[in-house]
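Close look at the chain arrangement
Each chain, written out:
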Amino acid sequence: MDPKTHDRAKKEQPQTDESLIIGRNAVREALKSGRPVNTLLVKKGERTGALLPIIAECKERNIPVKEVDAKKLDFMCGHQNHQGVLLLAAAADYSTVEDIFAVAEERGEPPFIILCDGIEDPHNLGAIIRSAEAGGAHGMIIPERRNASLTGIVGKTSAGALEYLKVARVKNLNNTVKELKERGVWVYAADMEGESYLTADLKGPVALVIGSEGKGVSRLTRELCDGCVSIPMHGSINSLNASVAAAILIFKTAEQREANERGI
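Residues numbered from 1 in each chain as written. Predicted model: local features only at pLDDT ≥ 70, side-chain atom pairs only at ≥ 80, totals over all residues. Heavy atoms only, no water.

Here the focus is unusual backbone geometry. Outside of glycine, negative phi angles account for most residues, and trans bonds account for most peptide bonds. Its identity as a non-glycine residue notwithstanding, His79 has a phi of 65°, on the positive side. Among the structural elements, His79 can be located in the loop between helix H4 (70-76) and strand S4 (85-89). The residue Gln83 is not glycine, and still its phi comes out positive at about 60°. As for its placement among the helices and strands, Gln83 is situated in the loop between H4 and S4. (Helix = DSSP H or I, 4+ residues; strand = E, 2+ residues; numbered from the N terminus.)

In an α-helix, one turn spans 3.6 residues, which is why side chains three or four residues apart end up on the same side. Its 20 residues give helix H10 (residues 242-261) an end-to-end C-alpha distance of 28 Å, which sits within 8% of 28 Å, the value for a rise of 1.5 Å per residue. Listed in full, the buried residues belonging to H10 are Ala242, Ser243, Ala245, Ala246, Ala247, Leu249, Ile250, Lys252, Thr253, Ala254, Gln256 and Arg257. Lining the buried residues of H10 we find strand S5 (112-117), helix H6 (122-134), strand S8 (186-196), strand S9 (206-211) and strand S10 (227-230). Following H10 by one or two positions, Gly263 has its phi on the positive side, about 75°. (Expected span 1.5 Å × (residues − 1). Buried < 20%, exposed > 50% of the residue type's maximum accessible area, 1.4 Å probe, protein only. Contact = heavy atoms within 4.5 Å.)

Proteins that are soluble and globular tend to have nonpolar side chains buried together. Counting residues in each nonpolar core, the largest one holds 34 residues, and the members touching the most others are Ile114, Leu125, Ile129 and Met140. Listed by contribution, the elements that provide at least two residues to this core are S5, H6, strand S6 (139-143), S9 and H10. Broken down by element, the residue count for this core peaks at 5 residues, all from H10. When residues no more than four places from it in sequence are discounted, the contact partners of Ile129 are Met140, Leu150, Val154, Ser158, Ala161, Leu162, Leu165 and Val167. (Core = buried A, V, L, I, M, F, W, Y, C linked by side-chain atoms within 4.5 Å.)

As a further point, take the side chain of Asp117. Following the sequence through the fold, Asp117 ends up in strand S5. As a buried residue without a salt bridge, Asp117 has its nearest oppositely charged side chain in Arg146, at a separation of 7.0 Å. Looking at Asp117, its side chain comes within polar contact range of the main-chain nitrogen of Ser218, at 2.8 Å. Beyond its immediate sequence surroundings of up to four residues, Asp117 is in contact with Asn147, Leu173, Val209, Ile210, Gly211, Ser212, Gly216, Val217, Ser218 and Thr221. (Lys, Arg positive; Asp, Glu negative; His and termini not counted. Salt bridge = Lys/Arg side-chain N within 4 Å of Asp/Glu carboxyl O. Polar contact = N/O pair within 3.5 Å; in protein donor to acceptor, adjacent residues only side chain to side chain.)

A cluster of nonpolar side chains, namely Met233, Leu240 and Val244, defines an oily patch on the protein surface of about 220 Å² accessible area. Overall, the relative accessible area of 39% leaves Val244 in the partly exposed class. (Patch = residues over 30% accessible without salt bridge, like charges linked within 9 Å, V, L, I, M, F, W, Y side chains within 5 Å. Areas by Shrake-Rupley, 256 points an atom, 1.4 Å probe, with all protein chains shown as cover.)

Here is the structure:
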């Protein structure tokens, strides 16, 4: 084979994730085992017959079910016989918001929570998880849709932090923001127009909302927050990669919390 043709063929091979479960029997067994699951992918027009019980169980367990083209399923599983169904299993168990508050209580600390709003790149999500765990956050909250989930890539990029940080997945991030505020947590959105982290008070019960690189924190979510916090920029570029921005804000918050603990 010509080297160029070989290279092109390699590039066209699907980059399947280790969390991909293929075919009806394998999917049924994964669901039966109670394995944490991200999403069920079903071939368009296949919501009949043997797939009905699988779809029904996913809906009962609040697992998102998405219809996709057969070609996409073929590509994702490397043209194996998927029987019209793929399951994207999670790399770790999802926690609950209550679990995150429990961690804060066990440590005797005011809650410190990271919320992700539209972080679709799994590498970015994994990097944010790594920074959140290293910065002393008690947990992370991600939305069920329009956000990366806990795939193998996320786990690998987190460099092991996913094993230690509680990650809750919620249906509606805005409702969760309201719940956090009702429980005495001050919620701040990362936004270029916000108050500088140099002057913002991040010492008490606090949650930071990190938005996508392209759109930032969504408008309604931002409006629900208690305020916005920004990173002073001194060069010609006025924005940072989402995971880099998250790391800076997480460790600035950790610094304030530590100083407050020591009475400085």
